[in-house]
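Structural overview
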Amino acid sequence: QKHARLERRRVGRERRRWLTIGAAALGLLAVASFVRFAWSRPRPQPVSAARLANDPSLGSPEALVTIVEYGDFGCPACRAWHQAGILDRVRAQYGDRVRFVWRDFPVITAQSPKAAEAGQCAYDQGEFWEYHDLVFARSPAIGVRDLKASAAEIGLDAAAFNQCLDSGQHRETVQRDLRDATRRGFRGTPSFLVNEQQLAGSPSFEYLQSLIDPLV
């Protein structure tokens, strides 16, 4: 019996030793996997202060009137306003006397912030407005996979776009716009400025016309 007890103790010690060795090995593997994953994640490229302040726009910087939209790619009202062609009518009526600027205000859906980043990544390749139109046309499909598919469809450099989006390169660009909208007291999308006059909701062409005419 004494021999059996000693043998059981020996086997128990051996088992505990191997369990300790196994746990340590698993821990090392987990650390190595985490480091490898972290190292392989796309790294954002630095964004200059000038680029942070550079918003997508249409029209002349010298325009007498500047209309700024604070919009969200996940916002049904924003989509409806653009697809109603009101902006096209304004541009046809006033030409270079009116400039239109887009700023991100991604507050409607959980996917909106990433969609806003995607728009900025498209802007880096000079195709914001074509991308903007396609994303709204496909809304509410604005998951990361959908955003990448839209970029490929309009012929963007997919590798550069995916790197930009996956790395969160324009997270701060979007946050800058978001802080601006919040500072102005905007509560929803779309919201607008017409030469610093604030508008909440989607303005009709006739209402914009009534604001623009005295200024041009």
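A few points on the structure. Everything quoted here is computed from the prediction, not taken from an experiment.

Definitions and cut-offs
- Residues numbered from 1 in each chain as written.
- Predicted model: local features only at pLDDT ≥ 70, side-chain atom pairs only at ≥ 80, totals over all residues.
- Heavy atoms only, no water.
- Salt bridge = Lys/Arg side-chain N within 4 Å of Asp/Glu carboxyl O.
- Buried < 20%, exposed > 50% of the residue type's maximum accessible area, 1.4 Å probe, protein only.
- 1 Å grid on protein atoms, 1.4 Å probe; cavity = no way out; pocket = protein on both sides within 12 Å on 5 of 7 lines; lining within 4 Å.
- Points joined across faces, edges and corners; volume = space filled by probe spheres on them.
- Helix = DSSP H or I, 4+ residues; strand = E, 2+ residues; numbered from the N terminus.
- Nonpolar A, V, L, I, M, F, W, Y, C, P; charged D, E, K, R; others polar.
- Contact = heavy atoms within 4.5 Å.

**Examining the pattern of salt bridges**
Under the defined criterion, the tally for this structure stands at eleven salt bridges. Note that Arg184 is salt-bridged to Asp180, the shortest N-O span being 3.1 Å. For the pair Arg184 and Asp180, a shared accessibility class is recorded, and that class is buried. Connected via shared salt-bridge partners are Asp55, Arg103, Asp180, Arg183, Arg184 and Glu196.

**Comments concerning the layout of surface pockets**
There is about 200 Å³ of room inside the largest pocket. Forming the walls of the largest pocket are Leu58, His82, Gln83, Gly85, Leu87, Asp88, Arg91, Trp129, His132, Asp133 and Phe136. Mapped onto the lining of the largest pocket, the elements with two or more residues apiece are α3 (76-83), α4 (86-94) and α6 (128-138). Among the elements that line the lining of the largest pocket, the one with the most residues is α6, at four residues. Looking at the lining of the largest pocket residue by residue, the classes come out as four nonpolar, four polar and three charged.

**Side note on the side chain of Ser139**
Note that Ser139 resides in the loop between α6 and α7 (144-153). When sequence neighbours within four positions are dropped, the list of residues in contact with Ser139 reads Phe73 and Arg79.

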